[in-house]
Amino acid sequence: MQHYFYTLTDILDRHLQPNEIYLCHFTAEQSDFIRFNRAKVRQPGSVEQRYLELELIDGSRHTSGQTTLTGHLETDKDRLRRLLAELREQLPQVPEDPYLLYTQTVHSSEMVAKNTLPKAQEVFIDILEETQSYDFVGIYAGGGIFTGFANSFGQRNWHSNYNFNLDFSFYHEKDKAVKSAYAGFQWDTKSFQDQMARVKTQFEILKRPSQTIAPGNYRVYLAPAAVHEILHLLTWGGFSLKSQRTKDSSLRRMLETPTQTLHPSVTLLENTAEGIAPAFQAKGFVRPDQVTLIEQGRYHSPLVSPRTAKEYGVPTNGANDEESPVSLDLAAGSVPMTEVLKTLDKGIYINNLWYLNYSDRAACRMTGMTRFATFWVDRGEIVAPLSVMRFDETLYNLLGDHLIGLTKEREFIMESDTYEVRSANSARLPGALVEGFTLTL
Amino acid sequence: MQERLKQYFQHILPPVDFCSLRYVNTRSEKLSVRQNVAVPPTQRHDVGVMLTVINKGGLGYAATSDVSESGLRQAVTQAREWAQRSQGRMVIDLSSIVMPQPRGEYASVVQQPWESLSLSEKIELLSREAAQCTIQDKIVDWQTSLWNVQSEQIYLTSQGGEVNQLIQYLVPSIRVVANEGVNTQSRTLGGHGCARQGGLEVLDQIGFFGTGSKLAEEALQLLIAPNCPTECLDLLLAPDQMTLQLHESIGHPLELDRILGDERNYAGTSFVTLDMFGTYQYGSKLLNVTYDPTRPEELASYGFDDDGMPAKKTYLIRQGLLQTPLGGLFSQARAGLAGVANARACNWNRPPIDRIANLNIEPGESTWEEMIDSIKRGILMRSNLSWSIDDSRNKFQFGCEWGQLIKNGKLTQVVKNPNYRGISATFWRNLKRVGNQETYEVLGLTNCGKGEPNQAVRVGHASPACVFANVDVFGGV
């Protein structure tokens, strides 16, 4: 795949006119998807896709186009030449762009992963055997993900990654379920069985009669997956310099009111070095190993795309166009996971949150639902599963004044999103103990 | 391409119970002007094919961007292998399903083709509208954009079925943001939900021209408005919020695959159960909801779904009574219920599943004035801003861009950050007025997400304005 991409970019080099510059971004995947319901197969299949995005620049005019590739050189050469001709024809009609920024310093890189995944057709037998006596539902997604970049200055970047993500739930009845995931780069039957055993233990608690609680303020523990949902909402423009400058960032109170801070234990990074996403972005800029977004509760730095950098005259830090983090890292706290129930004492243990959105973006106030295994805890013991509840709370309470502590241990979460492509986003996060968490419905 | 595809398909057909080929060839272009600077245009050409095999009780698919004969052959081999592996392990009894052998075609009605204006003319059009948004320094961001999509779809079956569909649509958008201090308010054209099938004529149909300055004025009004009060009020929803309300708390709960449990690990389940169809009073007698793929201008109109089922208008809820689920061929067989032709895939690389398509509330009899006159103490909300609902599609909380109080039958104070919350199972029973044809709007969204692997599809929604009694509303902090 890498050689094929470079062969195509060589062709681009040859067809470029002297005044032209190109940026070229390649994304491909060979994926297996097995969808399960009730411990049976719903839809199994494979997808092989290759896309190439070409940006053509002449002076300060530029335009871009994407095409699918077949993998047959003659056909793809034709497609590439046609795309180049179309973009060339468009250029005179496009206004000059004052915010065009591309890198002329060559930063080539190569990260070639080894494929140690078994065939998905074999894995799914493991999965079905382990789940037969349960109401098991979810998806296995696995295979290779390939990303490349090239430009007419000679920069070449390549990143390949072979991983899998079994994202699943065990249902007891109605909406009572335990959700978990087994993800990684190498399928290990023993590790998989151990993970299943942990989930089955929690599943047993779901069989207890469920309890309903009234809306109000509660002491809660948010497991890392729930913390991930909260931070994921912030990625909708929260850390984006463009959003900040256009007064649309949900974190703007932190930016504009120095007294508005989070708890001092909150340090949040975009940690490219520890994530699984490529270290280069679609325009060829290389991401630094870390960008500190929030440091000890205080706002630190935004994510800056090349376009925003040019507009506001600041350096880019290799952010994508959306200026959203892809490798989030929330620093660990001091509460041992083994002490969580004891420290919580009386309150709610929330494994997952769901469908978050802002109820007041300016105040970074968000709403969402508890989902999957949520338990009532009394005297440091899990007592009963709870029915789903809606919360409505500001970030400044959740990770600020009302934060009791973050856990000492963190979980590495590989995002299971598969919209158009399999996500390479990830997060390393602790759980959070929070006082006075507001449930509304 | 069609003849070549048919030849390839004949050459690669394996000896199986059923095999289908679904080819999708989509060209799209996005143009945008932000803060009076043209964002460089992006175009996309996406071509690929999915082969599906059903054999001896097993099913498998394989999709590829290699549409050569060798690419198709490799894909059908993979699909066949999956079908073999899944034999005896499928959640669906495939022997109960007779795959349709459809023959027909569908094409969007386009009056003014996208290509009838040059690229520079289209950028100029967006620039003119953007320039009208900047009526004051407090307008800190503004953007106008157009996204045109033209998608050719061919569906072939091993038994001779052949469907050709050409879908063309336009997604126009305007957003204006006003700010003062820590207060930021935005207004959009139709809550970002104005997509329709057709060409550039859609811009006139939805009132695109001249809207920028109106939205800017409204955003400035919101800046100085008080927060929405916390109160239990009568709620008048404009069509650009009704569509979201309809989508989330009727559309998704009626999806049959959710009811059957397929989506429980991701998009969620439903508070609706199979036994409710034909007996459950979903809403007041004023509520009539249809699946209607026949409106040419509506975003998700089509002739056949992606399993080859012919599409026709069907009442899902009539006079408040739940009648028909949103379930395609496979779900209907599993549930033993009649459904609709709504097995849809977002692209060639994802398999069809039950989706909302065009989902509409049929107009009632109340005029706009009558609805406002009828409200002693209430609030009007327009344009969706925020949405959140539980995985059973019951407990919801939605926010809008624009709120305006209603007192003694008169629209009064504008309020900012209007939100409301409720429970689907009771909310629709409090529907007390349905607007007439004059209040009716045809809208559409392109980002309905669901499925494993994930798929975002376009959905059409048409609705009149409606009044709901006794709703909990609240504002910002």
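Residues numbered from 1 in each chain as written. Chains lettered and ligands numbered in written order. Predicted model: local features only at pLDDT ≥ 70, side-chain atom pairs only at ≥ 80, totals over all residues. Heavy atoms only, no water.

**Considering the interface of chain A and chain B**
Using the following cut-off: A contact between two residues is defined here by any heavy atoms of the two lying within 4.5 Å. Put simply, buried area is the surface a 1.4 Å probe can reach on two separate parts but cannot reach once they are joined, added for both. We define a salt bridge as a contact between a side-chain nitrogen of Lys or Arg and a carboxyl oxygen of Asp or Glu at a distance within 4 Å. Any N or O atom pair separated by 3.5 Å or less is treated as a polar contact, with the protein-specific requirement of one donor-capable and one acceptor-capable atom, and with residues adjacent in sequence counted only for side-chain atom pairs. Only DSSP runs of H or I with at least four residues qualify as helices, and only runs of E with at least two residues qualify as strands; both kinds are numbered from the N terminus onward. Each residue is assigned to one class: nonpolar for Ala, Val, Leu, Ile, Met, Phe, Trp, Tyr, Cys and Pro, charged for Asp, Glu, Lys and Arg, and polar for all the others, Gly among them.
Taken together, the contact pairs 91 residues of chain A with 94 residues of chain B. Of the roughly 7,800 Å² buried between chain A and chain B on both sides combined, carbon and sulfur atoms contribute 46%. Considering only the surface of chain A that becomes buried against chain B, Arg35(A), Arg42(A) and Tyr419(A) emerge as the three largest contributors, covering 9% of it. Between chain A and chain B we count eight salt bridges in total. Here Asp262(B) and Arg42(A) are joined by a salt bridge, their closest N and O atoms 2.8 Å apart. Our count for the contact surface shared by chain A and chain B stands at 64 residue pairs in polar contact (both at pLDDT 80 or more). No other element matches the 12 residues that strand E2 (residues 40-58) of chain A contributes to the side of chain A that touches chain B. A class-by-class count of the residues in the side of chain A that touches chain B yields 33 nonpolar, 28 polar and 30 charged.

**Comments concerning helix H1 (residues 2-15) of chain A**
Residues and elements named next belong to chain A. Basically, it comes down to this: Expected span, for any helix, means 1.5 Å times one less than how many residues it has. Partly exposed describes any residue whose relative accessible area lies between the buried limit of under 20% and the exposed limit of over 50%, with all areas from a 1.4 Å probe on protein chains only and scaled to the type maximum.
With 14 residues, H1 ought to run about 20 Å at 1.5 Å a step, and its terminal C-alpha atoms sit 20 Å apart, in line with that. Among the residues of H1, those classed as buried are Gln2, Tyr4, Phe5, Tyr6, Leu8, Thr9, Ile11 and Leu12. Buried residues in H1 make contact with strand E1 (20-37), E2, helix H2 (73-90), strand E4 (109-111), strand E5 (135-151) and strand E6 (156-173).

**Focus: the domain arrangement of chain A**
Residues and elements named next belong to chain A. Selection criterion: An automatic or database domain assignment is the source of the domain bounds shown.
One can read the domain layout of chain A as domain 1 (2-118 + 138-167) and domain 2 (216-439). Its C-alpha centre places domain 1 at a distance of 30 Å from the equivalent point of domain 2. With 35 residues of domain 1 in contact, the opposing surface of domain 2 contributes 22 residues. Taking both partners together, domain 1 and domain 2 bury about 2,200 Å²; carbon and sulfur atoms supply 58% of that area. If you sort the residues of domain 1 by the area they bury against domain 2, Tyr99, Leu101 and His159 come out on top, with a joint share of 27%. The interface formed by domain 1 and domain 2 includes two salt bridges. A salt bridge links glutamate 55 to lysine 283, with the nearest nitrogen and oxygen atoms 2.8 Å apart. Taken together, the links from domain 1 to domain 2 amount to 11 residue pairs in polar contact (both at pLDDT 80 or more). Counting residues per element, the ones that place at least two in the side of domain 1 that touches domain 2 are E1, E2, E5 and E6. A breakdown of the residues in the side of domain 1 that touches domain 2 according to their chemical character gives 12 nonpolar, 19 polar and four charged.

**Some words on the sheet that holds strand E12 (residues 321-322) of chain B**
Residues and elements named next belong to chain B. So the rule is basically this: Following DSSP output, two strands are said to pair if at least two bridges run between them. Think of each axis as a best-fit line through the C-alpha atoms, taken over the contacting stretch in the case of a helix, with angles from 0 to 180 degrees between the N-to-C directions.
Read across the open sheet, the six strands follow the order E12-E11-E10-E15-E22-E21; overall the sheet is mixed. At either end of the open sheet lies a strand with only one pairing partner, and these are E12 and strand E21 (441-450). Summarising the sheet, E21 and strand E22 (residues 455-463) pair through eight bridges and their orientation is antiparallel. Its bridge partner being in E22, cysteine 448 is matched across the sheet by valine 457. Across the sheet, helix H6 (residues 239-251) is in contact with strand E10 (289-291), strand E11 (314-318), strand E15 (358-361), E21 and E22; its angle to E22 comes to roughly 120 degrees.

**Some remarks on the nonpolar core**
The criterion, for reference: Only buried Ala, Val, Leu, Ile, Met, Phe, Trp, Tyr and Cys residues count toward a nonpolar core, and they belong to the same one when joined by side-chain atoms within 4.5 Å.
Core analysis: the biggest nonpolar cluster contains 144 residues, and Phe36(A), Tyr140(A), Leu166(A), Tyr282(B) and Tyr420(B) have the highest contact counts within it. Excluding its chain neighbours within four sequence positions, the residues that come into contact with Phe36(A) are Val41(A), Arg42(A), Phe124(A), Ile127(A), Leu128(A), Phe136(A), Val137(A), Gly138(A), Ile139(A), Tyr140(A) and Leu166(A). Core analysis: the next-biggest nonpolar cluster, separate from the first, contains 48 residues, Ile294(A), Ile348(A), Leu386(A) and Leu399(A) among them.

**Quick look at the pattern of salt bridges**
Evaluated as defined, the whole model comprises 50 salt bridges over all chains. With a shortest N-O distance of 3.1 Å, Glu81(B) and Lys119(A) are connected by a salt bridge. Here Glu81(B), found in helix H2 (residues 69-85), pairs with Lys119(A), found in the loop between E4 and helix H3 (120-131), and the two come from separate chains. Within the structure, one salt-bridge network assembled from shared partners comprises Glu3(B), Lys6(B), Arg103(B) and Glu162(B).

**Some thoughts on the side chain of Ser359(A)**
Mapped onto the elements of the fold, Ser359(A) is located in strand E13 (residues 347-360). Taking relative accessible area as the criterion, Ser359(A) reaches 6% and is therefore assigned buried. Aside from chain neighbours lying at most four places away, what touches Ser359(A) is Arg365(A), Met366(A), Thr367(A), Asp392(A), Ser386(B), Gln397(B) and Asn419(B).

**Digging into the domain arrangement of chain B**
Residue and element names in this part refer to chain B. Along its sequence, chain B is organised into domain 1 (2-223) and domain 2 (231-474). Counting the surface lost from both domain 1 and domain 2, the interface buries some 3,600 Å², and carbon and sulfur atoms represent 59% of this. Remark: the boundary between domain 1 and domain 2 carries one salt bridge. Viewed at the interface, domain 2 and domain 1 are joined by 17 residue pairs in polar contact (both at pLDDT 80 or more). At six residues, strand E2 (residues 37-55) tops the list of elements feeding residues into the side of domain 1 that touches domain 2. Of the residues assigned to the side of domain 1 that touches domain 2, the class counts are 27 nonpolar, 18 polar and seven charged.

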